[in-house]
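Topology and contacts: notes
These are the residues of each chain, in order.
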Amino acid sequence: MIESDMEILLEAGDNSGEAPKIVVPIDEDMDTVKSDAPNTVDELAMELATIKQSAKKIAIIGSRNLPITHQQMIETLSTALVMQGNTIITSGGSSGTNAAAIRGAMKANPDKLCVILPQTIGQQPSDVQDQLIGVPNIIEHSDRAMMTLADASRVCNREIIDECNQLICFLSHTSKTLHNAVQYAEEGHKVITVFYLD
């Protein structure tokens, strides 16, 4: 196999007898790996292992403002991921991405859903509280009770990302909070899938 002058092909052996291949981009002016590429072969191996894992902790976060068709797709995705043995991690939400992820996971297997709230259940709107009835794994944060919801949500997104192997995020190009969450996941070398809604 011939790679372009702009890439290095790394191969790491595994037990299947076939060597997985990782392409690492190279800077044009130097013989070094680009600054946005993982720093070491160990990090690349860790990311490859995450991708190959059969059951993962997958965070699904995103915008509240979604058309019903997008919500239905996220719900279906969440159901399918849980049926494959994955655990879904998200936050509360009466509408949008998080709500759809909760509905989908609850259909497949409620025990494979973890909802991390930015604050306490009592601080959530009544429609969010209603949606969380029957969810067995809810993490509340009374220590954030005095924070604004926006600040508590930023901290919550980081906690969700810290708990996951993979992040799926649905956002618009103008969503600063979600862009920051994706950047945080990149810094943590998470496997990331981003869907832009605009």
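Residues numbered from 1 in each chain as written. Predicted model: local features only at pLDDT ≥ 70, side-chain atom pairs only at ≥ 80, totals over all residues. Heavy atoms only, no water.

Brief notes about the confidence of the model for the chain
Scored by pLDDT, the chain has a mean of 82; 73% of the residues are at 70 or more. Mean pLDDT across the elements of the chain ranges from a minimum in strand β1 (residues 7-11), with 44, to a maximum in strand β4 (residues 87-90), with 97. Under a pLDDT of 50 for its full length, residues 1-14 has, in the predicted model, 32 contacts with residues more than four places off or in other chains. Every residue in residues 21-27 is under pLDDT 50, and counting partners more than four places away or in other chains gives 36 contacts. (pLDDT = per-residue confidence, 0-100. Helix = DSSP H or I, 4+ residues; strand = E, 2+ residues; numbered from the N terminus. Contact = heavy atoms within 4.5 Å.)

Topic: the packing of helix α2 (residues 68-83) against helix α3 (residues 96-108)
Between α2 and α3, the shortest axis-to-axis distance is 7 Å and the interhelical angle comes to 40°. The orientation of α2 with respect to α3, classified from their angle, is oblique. By crossing handedness, the relation of α2 to α3 is classed as right-handed. Taking contact as the criterion, the partners of Q71, I74, E75, S78, T79, V82 and M83 in α2 are, on α3, G96, T97, A100, A101, R103, G104, A105, K107 and A108. For the contact of α2 with α3, the class distribution of residues is seven nonpolar, six polar and three charged. (Axes fitted to C-alpha atoms, helices over the stretch in contact; angles between N-to-C directions. Parallel < 35°, antiparallel > 145°, perpendicular 65-115°, else oblique. Left-handed = near helix turned anticlockwise from the far one by under 90°. Nonpolar A, V, L, I, M, F, W, Y, C, P; charged D, E, K, R; others polar.)

Digging into the packing of helix α5 (residues 149-163) against helix α6 (residues 176-187)
Relative orientation of the contacting elements α5 and α6 amounts to 30°, with a least axis distance of 10 Å. Classified by the angle between their axes, α5 and α6 sit roughly parallel to one another. For the pair α5 and α6, the crossing hand works out as right-handed. Contacts between α5 and α6 involve R154, N157, R158, I161 and D162 from the first element and T177, L178, A181, Y184 and A185 from the second. Of the residues contributing to the contact of α5 with α6, the split by class is five nonpolar, two polar and three charged.

Some points on the environment of Q166
Note on placement: Q166 falls in strand β7 (residues 166-171). Dropping the residues within four chain positions of it, Q166 is found in contact with K56, K57, I58, A59, V191 and T193.

Points about the packing of aromatic side chains
On inspection of all chains with the given rule, the structure shows one aromatic pair. Here the aromatic rings of F170 and F195 are separated by 4.8 Å at their centres, their planes lie at 10°, and the arrangement is stacked. Of this pair, F170 sits in strand β7 while F195 sits in strand β8 (residues 191-196), placing them 25 residues apart in sequence. The exposure class assigned to F195 is partly exposed, which follows from its relative accessible area of 38%. (Phe/Tyr/Trp six-rings, centres within 6.5 Å; stacked < 30°, edge-to-face > 60°. Buried < 20%, exposed > 50% of the residue type's maximum accessible area, 1.4 Å probe, protein only.)

A look at the pattern of salt bridges
Inspection of the entire model under this criterion finds four salt bridges. Put simply, R103 and E75 hold a salt bridge, and the shortest N to O gap is 2.9 Å. Of this pair, R103 sits in helix α3 while E75 sits in helix α2, and the two are 28 residues apart along the sequence. Assessed through its relative accessible area of 27%, R103 is described here as partly exposed. With its nearest N and O atoms 2.4 Å apart, the salt bridge here joins D151 to R154. Placement of both D151 and R154 in helix α5 is noted, with a separation of three residues, approximately one turn of the helix. (Salt bridge = Lys/Arg side-chain N within 4 Å of Asp/Glu carboxyl O.)

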